[in-house]
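Geometric and topological summary
Residues per chain are reported as follows:
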Amino acid sequence: MKWSQTFIPTLKETPAEAEIPSHKLLLRAGLIRKLAGGIYTLLPLGLRACEKVERIVREEMNRAGAIEVRMPALNPRELWQRGPRWDAAQRVMFAASPADGSKVAPGGELVLGPTHEEVITSLVADEIRSYRDLPKNFYQIQTKFRNEIRPRFGLMRAKEFVMKDAYSFDLNEEAAVRSYEAMRAAYQRIFERCGFGPQQLKCVWADSGVMGGKYSQEFMVPAESGENEIAFCEKCSYVANIEKAQSRLARMEDGEAPGHIEKFPTPGVKTIEDLTKPPFLVAADRQIKTLVFICDSKPALVLMRGDHPLNEVKLAAATGAIEFRPARDEEIVSLMGAHAGSLGAVGKKGIPIYADEALRGRFNMVTGANEDGFHVRGVCVERDIAVTKWADLRSVGAGEPCPECGAPLRIQRAIELGHIFILGTKYSEKLNARYLDEKGQTHPCVMGCYGIGVTRTMAAVVEVFNDKDGIKWPMSVAPFHVCITLLDTHKEAPAKIAQELHDALERAGVEVILDDRDERPGFKFKDADLVGFPIRVTVGEKSLAKGGVELKLRATGEMRLLPPAEAVEEIVKRAKA
RNA sequence: CGGGGCGUAGCGCAGCUUGGUAGCGCGCCUGCCUUGGGCGCAGGAGGUCCCGGGUUCAAAUCCCGGCGCCCCGACCA
């Protein structure tokens, strides 16, 4: 391939819209262009890199025994309505209505698939009858559509993106776990092959969210620009998404025995911190924080230790609510009879009360009296408060003890590249994906689902592998293995040798681009560094006079002068490694 | 959707406070020159100043209303 015959619009300056390194570099190196917010064109180099990731994914999925299919992106709305999560799913889904505004096409309304549990499960429901047909694991690499509330960071969170999604169907839970484990191993290999080393890839415990199901893990790449936070142990192997992470807390000393409840005036006190100051001097870890939430339009109280932050994902998991929000001031007053700052759950009835585990067994606590300007002390949580449900509701903090070994936890931002779930029978029961066992008994299939953001993975590679000059592609996903930088384009000898080099490499199966543009050397070097080809070969009169061509590695800066034939040999070796 | 910022040539920006001439760098085109880290010189093309309305003799600039983009939060591959 000749540079002049493809399309690589590099930019010297960074477009103002880009914030994070990968977004800036994908734009500057000419891999992507924006059509609209969260909607991108993959230019030739971007497409090539994306296809490299796809190829790795495909090879590893096939190796793991998954079967490739391609499901439609256009889905009947009716199918989704029959599924188990329509209420939660519809707000991220695009509807595909006739563009002329006419009502409904014959055959019913259509939506664009944000993921495909419903579609694959209905296929399996139609086609799979016997235990002899199982297990099966179907996957596809396909464009997904999500009405992201806030697209962000270029390809990191887009409304339209390429995803690999896989769905396993098994006889029972035990077999489903085997399928899950096979996928986990495949994912590990996929991301390693994309260039991520042990320090750059973490498989973490995660919340299952609206997917539902037993448990899930995410594949995370630590990066400042990541949208997730993970907590990990410095000593042992414990790693979890902050939405799931736990920690071992020191026991609190509450005194000899629970005392009696006593109301006391606290004029002007509005916050936890106010109460810690003179004249009150109530430590934050001795206070109960009372929060009011509206869960699926019904109020609920959430109780936390005064110094603990609520984790809303954990709250969602505990309540099972699809939509929830903090209550507004007027709702709080009408419900509690006091303003935020003086709220408490003591004696409250007729409203669900969710309490964080850290409050279990605590006494001699202080909380609001539900009367502005008053608090109560001597509260014994289990004696005085009618807790509906105990749950882990707090976010762990950096430095807290690891739940497994007690060493301090650290917290780091990370990019989620893949997510694997054990789903159970949530979809198969609702959509009737059942099989007959050897005794003629009917059972729902036990499912798992497994996703990889393909375009996001490409962006994450750029996010991790770059320097001030540009991208540093790992060989496995680079759009081209090698760039031949031809200098002295008008001179016969360099041009001829560059062309021969190019042809020899291509014959050897190396992906090579020949920079044949009539530009100055510095300009071409800058472009090659920016795009980030793992190997650059410089061919010019100067190098030829010294006896060969110059081979330079982008990752290390290592440079060698070699005769053309040896250069070919060396490049083939490295490209195939 | 809540909060913040921005919208002027392909890209990066100035001009706006205090209304009157739309400007700079890069890129692009032509010619000369040059060829090992985004050369040099000369000439040139390119703008509904996001859109609509208003104020005014006059609006990029002031006012009102939209739209778009980016960032922080809730969602997620």
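Structure shown above.
This text gives an overview of the structure that appears in the document. None of the values given here were measured: they were computed from a predicted structure.

A closer look at the environment of A355
Counting through the fold element by element, A355 comes out in strand β17 (residues 353-356). Residue A355 is classed as buried on the basis of its relative accessible area of 0%. Each C-alpha atom, one on A355 and one on K389, is 6.4 Å from the other, the two residues being 34 residues apart in sequence. Apart from the residues lying within four places of it in its own chain, the contact partners of A355 are L303, V387, K389, W390, A391 and L393.

Considerations on the pattern of salt bridges
Counted by the stated rule, this structure contains 41 salt bridges. The salt bridge partner of R410 is E234, with a shortest N-O separation of 4.0 Å. Taken as a pair, R410 in strand β21 (residues 409-424) and E234 in the loop between β11 (228-233) and β12 (239-241) lie far apart in primary sequence, 176 residues in all. A relative accessible area of 42% places R410 in the partly exposed class. Across the pair R377 and E262 runs a salt bridge, and its minimum N-O distance is 3.0 Å. Of this pair, R377 sits in strand β19 (residues 374-379) while E262 sits in strand β13 (residues 262-265), and the two are 115 residues apart along the sequence. Residue classification places R377 among the partly exposed positions, given a relative accessible area of 35%. Judged by its relative accessible area of 36%, E262 is partly exposed. One network of salt bridges, with partners in common, ties together R55, E59, E60, R63, R189 and R193.

Re the sheet that holds β19
Pairing between the strands of a sheet is mediated by backbone hydrogen bonds and can be parallel or antiparallel. Taking strand neighbours across the sheet as the criterion, the three strands line up as β13-β19-β18 in an open arrangement whose pairing is antiparallel. Across the chains shown, the open sheet's two edge strands, defined by having one partner strand only, are β13 and β18 (365-371). Across the sheet, the axes of successive neighbouring strands diverge by a mean angle of 35 degrees, strand direction being ignored. Bridging between β18 and β19 involves four bridges; their strand directions are antiparallel. Opposite M365, over in β19, you have V379 as the bridge partner.

A closer look at the sheet that holds strand β6 (residues 110-112)
Taken in spatial order, the three strands make up an open sheet running β4-β6-β5, and their pairing is antiparallel. Of all strands in the sheet, those bounded by a partner on one side alone are β4 (74-76) and β5 (95-96). By the bridge criterion, three bridges tie β4 to β6 in an arrangement that is antiparallel. Residue pairing across strands places N75 opposite V111, the latter belonging to β6.

Some remarks on the pairing of strand β10 (residues 216-222)
The buried fraction of β10 amounts to seven of the seven residues, a majority that puts the element mostly inside the structure. Residues S216, E218, M220 and P222 line one face of β10 and the alternating positions Q217, F219 and V221 line the opposite face, and both faces are buried. Strand direction decides the pairing type here: strand β9 (residues 202-206) and β10, joined by five bridges, are antiparallel. Following the sheet pairing, V204 is matched in β10 by E218. Bridge count between β10 and β21: seven bridges; the pairing is antiparallel. Its bridge partner being in β21, S216 is matched across the sheet by F421.

Observations concerning the protein's contact with RNA strand B
Around RNA strand B sit 54 residues in total, of which A16, R146, R150, D529 and E550 are the nearest. Taking all atoms of RNA strand B within 4 Å of the protein, the share assigned to sugar and phosphate is 47%. Between L417 and RNA strand B, the recorded distance is 2.7 Å, taken from a backbone N or O atom to a sugar or linking oxygen. K552 is positioned with one of its side-chain polar atoms (N or O) 3.2 Å from a base oxygen of RNA strand B. Counting residues per element, the surface near RNA strand B draws most heavily on helix α14 (residues 521-531), which supplies eight residues. When its residues are assigned to classes, the surface near RNA strand B shows 19 nonpolar, 11 polar and 24 charged.

Rules of the game
Residues numbered from 1 in each chain as written. Chains lettered and ligands numbered in written order. Predicted model: local features only at pLDDT ≥ 70, side-chain atom pairs only at ≥ 80, totals over all residues. Heavy atoms only, no water. Helix = DSSP H or I, 4+ residues; strand = E, 2+ residues; numbered from the N terminus. Buried < 20%, exposed > 50% of the residue type's maximum accessible area, 1.4 Å probe, protein only. Contact = heavy atoms within 4.5 Å. Salt bridge = Lys/Arg side-chain N within 4 Å of Asp/Glu carboxyl O. Pairing = 2+ DSSP bridges. Axes fitted to C-alpha atoms, helices over the stretch in contact; angles between N-to-C directions. Near = heavy atom within 4 Å. Polar contact = N/O pair within 3.5 Å; in protein donor to acceptor, adjacent residues only side chain to side chain. Nonpolar A, V, L, I, M, F, W, Y, C, P; charged D, E, K, R; others polar.

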